[in-house]
Amino acid sequence: QVSCFKLNGCASPLHCLGLQCYGVFLQMLTAGWDELECHRVFNFLWELSNLARKVQTVVSSKPGSARRLELRIRLFCRGVLLSPGSRRSDSAFWLTRILKPWPMVNQARLLYIIFGPVSSRDGHVVWQKMIEGPTDETSLKGLADAIKLLYGTEAREWTADDVISLVDELSVVPQEWLMENNARLLLLSGNSICFTFMASKAVNGRAVELARLMVFMVLVCEKDLYCMDWAVRMMQKVCKVFSTPWERNNFLQCLENFFARMLMDMLQAVLAGERDEEDSSFLNLFHLMNAQANFHKEILYLAMGCTSSTS
């Protein structure tokens, strides 16, 4: 009956410790229980807090139209069911219970509500963050950690294809993301999910999409100071997925064509005088030119049998 433990009960949810205390209590109480018992606990909480109806409301409404409800669902799921400090296996179990009852498109919406970026002022979900411009690691870390959790061995009910489909759906929530943000999310999600995602495009003959993604991964490596030889090694692994030399060569041609097209577009923006307070058009061109140069430098080191500059 404590108001904090009810989904709509707390008057100041952002500054209340009630849900966190509830989560720690639940974590201690269910430690060592088998999955069937924990499943019954989840069903009880789901029904008690009327979460099913509330989640249905937010996933079927226009993003941001029920901001307070989105916030309360986020705080309840993160504070109670996904309590900080929980074991990975426990977190994977509770997150699976939250997501699995819903279609994939709703799973992606719900994942963004729970782990996506929020306003530092009022805690509400920022839906336009991935669409309006390049974002930073902080805004993507929660989503990347959730993807790694679902892709890991602890989440037995998720196949690699399930997670790839979820990442695909996530990249259009609420609209299509900037490709740089897609690339940054994949990089933060780890090598395995990154390679699996790219390999799926190679297997399905989507060489143009794959080349575009690869260019943005190179750009993110340059901007975020990752080792550029990582991008070259990833490209090598992806090239081995293609079944014929023609498909591999076509991918490499698409890669170079997209580099050239992006450089020309950015140069045109600079020459047209499209500037803002941060002079972003010139900065983007600077980053891409450095990214291309460092990427090709690592390829030359590899081709000539030299030691990488990052070794």
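Refer to the structure presented above.
None of the values given here were measured: they were computed from a predicted structure.

The subject of this paragraph is the overall build of the protein chain. Looking only at helices and strands, the protein chain features 15 helices and zero strands. Looking at the 311 residues of the protein chain, the share that counts as buried comes to 47%. Sequence separation of 24 or more characterises 68% of the internal contacts of the protein chain that already satisfy a separation of 6 or more. Accessible area of the protein chain: about 16100 Å², with a carbon and sulfur share of 55%. Positive and negative charge centroids in the protein chain, built from 32 and 32 side chains respectively, lie 5 Å apart.

Turning next to unusual backbone geometry. The peptide bond linking V173 to P174 adopts the cis configuration, its omega dihedral lying at -5°. When you line up the elements, P174 lands in the loop between α9 (160-170) and α10 (179-189). Phi at N50 is positive, roughly 60°, even though this residue is not glycine. Within the fold, N50 resides in the loop between α2 (35-48) and α3 (51-60). What makes N50 partly exposed here is its relative accessible area of 30%. Although it is not a glycine, L225 adopts a positive phi angle of roughly 65°.

Within the secondary structure layout, R206 lies in the loop between α11 (191-203) and α12 (207-223). Taking the relative accessible area as the measure of exposure, R206 reaches 31% and is therefore partly exposed. Along the primary structure R206 and F251 are separated by 45 residues, whereas in three dimensions their C-alpha atoms are 8.9 Å apart. A distance of 2.9 Å separates polar atoms of two side chains, one belonging to R206 and the other to E209.

On the surface, a nonpolar cluster with roughly 300 Å² of combined accessible area is contributed by F25, L29 and W33. Along the polypeptide, F25 turns up in helix α1 (residues 18-29). Since its relative accessible area comes to 48%, F25 is described here as partly exposed.

With 14 residues, α2 extends 20 Å from end C-alpha to end C-alpha; this agrees with the ideal 20 Å at 1.5 Å per step. Those residues of α2 lying buried are C38, V41, F42, L45 and W46. On an axial view of α2, the arc spanned by its buried residues comes to 135°, and they lie on one face. α2 presents L36, R40, F44, E47 and L48 as exposed residues on the side facing more than 90 degrees away from its buried surface. Along its buried surface, α2 packs onto α1, α3, α4 (67-81) and α5 (88-99). A distance of 3.2 Å separates the backbone nitrogen of L36 from a side-chain oxygen at the start of α2, and that oxygen is part of D34. Two residues or fewer after α2 comes N50, characterised by a positive phi angle close to 60°.

This paragraph deals with helix α8 (residues 137-151). When the terminal C-alpha atoms of α8 are compared, their 20 Å separation across 15 residues agrees well with the 21 Å that a helix rising 1.5 Å per residue should span. A bend of about 25° at L143 is the largest found in α8. Turning to α8, its buried residues are S139, L140, L143, A144, A146, I147, L149 and L150. If you follow the buried residues of α8, they end up packed against α5, α6 (104-115), α7 (129-132), α9, α10 and α11.

You can see A293 is positioned in helix α15 (residues 280-303). Sequence separation of A293 and V241 is 52 residues, and the distance between their C-alpha atoms is 26 Å.

In this section: the layout of surface pockets. Here the largest pocket defines a volume of roughly 580 Å³. Considering the residues around the largest pocket, the lining is formed by 27 residues, among which R78, L82, S83, P84 and F115 are closest to the centre. For the lining of the largest pocket, the secondary structure elements donating two or more residues are α1, α4, α5 and α8. If you tally residues by element for the lining of the largest pocket, the top one is α8, at eight residues. Within the lining of the largest pocket, the residues separate by chemical class into 11 nonpolar, 10 polar and six charged. Here the second largest pocket is characterised by a volume of approximately 370 Å³. Lining the second largest pocket are 27 residues, with C38, S89, D90, F93 and W94 positioned closest to its centre. Looking at the lining of the second largest pocket, the elements that each hand over two or more residues are α1, α2, α4 and α5. Per-element tally for the lining of the second largest pocket: the top contributor is α5, with seven residues.

Turning our eyes to something else, we now look at the packing of α10 against α12. Where α10 meets α12, the axes come as close as 8 Å, and the angle between the chain directions of the two elements is 70°. With respect to their mutual orientation, α10 and α12 come out roughly perpendicular. Of the residues in α12, those in contact with M179, E180, A183, R184, L186 and L187 of α10 are R212, L213, F216, M217, L219, V220, C221 and K223. Taken together, the residues of the contact of α10 with α12 sort by class into 10 nonpolar, no polar and four charged.

Rules used throughout
- Residues numbered from 1 in each chain as written.
- Predicted model: local features only at pLDDT ≥ 70, side-chain atom pairs only at ≥ 80, totals over all residues.
- Heavy atoms only, no water.
- Helix = DSSP H or I, 4+ residues; strand = E, 2+ residues; numbered from the N terminus.
- Buried < 20%, exposed > 50% of the residue type's maximum accessible area, 1.4 Å probe, protein only.
- Contact = heavy atoms within 4.5 Å.
- Areas by Shrake-Rupley, 256 points an atom, 1.4 Å probe, with all protein chains shown as cover.
- Lys, Arg positive; Asp, Glu negative; His and termini not counted.
- Charge placed at Lys NZ, Arg CZ, Asp CG, Glu CD.
- Polar contact = N/O pair within 3.5 Å; in protein donor to acceptor, adjacent residues only side chain to side chain.
- Patch = residues over 30% accessible without salt bridge, like charges linked within 9 Å, V, L, I, M, F, W, Y side chains within 5 Å.
- Salt bridge = Lys/Arg side-chain N within 4 Å of Asp/Glu carboxyl O.
- Expected span 1.5 Å × (residues − 1).
- Arc of directions from axis to C-beta.
- Bend = angle between axes of the 7 residues up to and from the residue.
- 1 Å grid on protein atoms, 1.4 Å probe; cavity = no way out; pocket = protein on both sides within 12 Å on 5 of 7 lines; lining within 4 Å.
- Points joined across faces, edges and corners; volume = space filled by probe spheres on them.
- Nonpolar A, V, L, I, M, F, W, Y, C, P; charged D, E, K, R; others polar.
- Axes fitted to C-alpha atoms, helices over the stretch in contact; angles between N-to-C directions.
- Parallel < 35°, antiparallel > 145°, perpendicular 65-115°, else oblique.

Nothing here speaks to function; it is all geometry.
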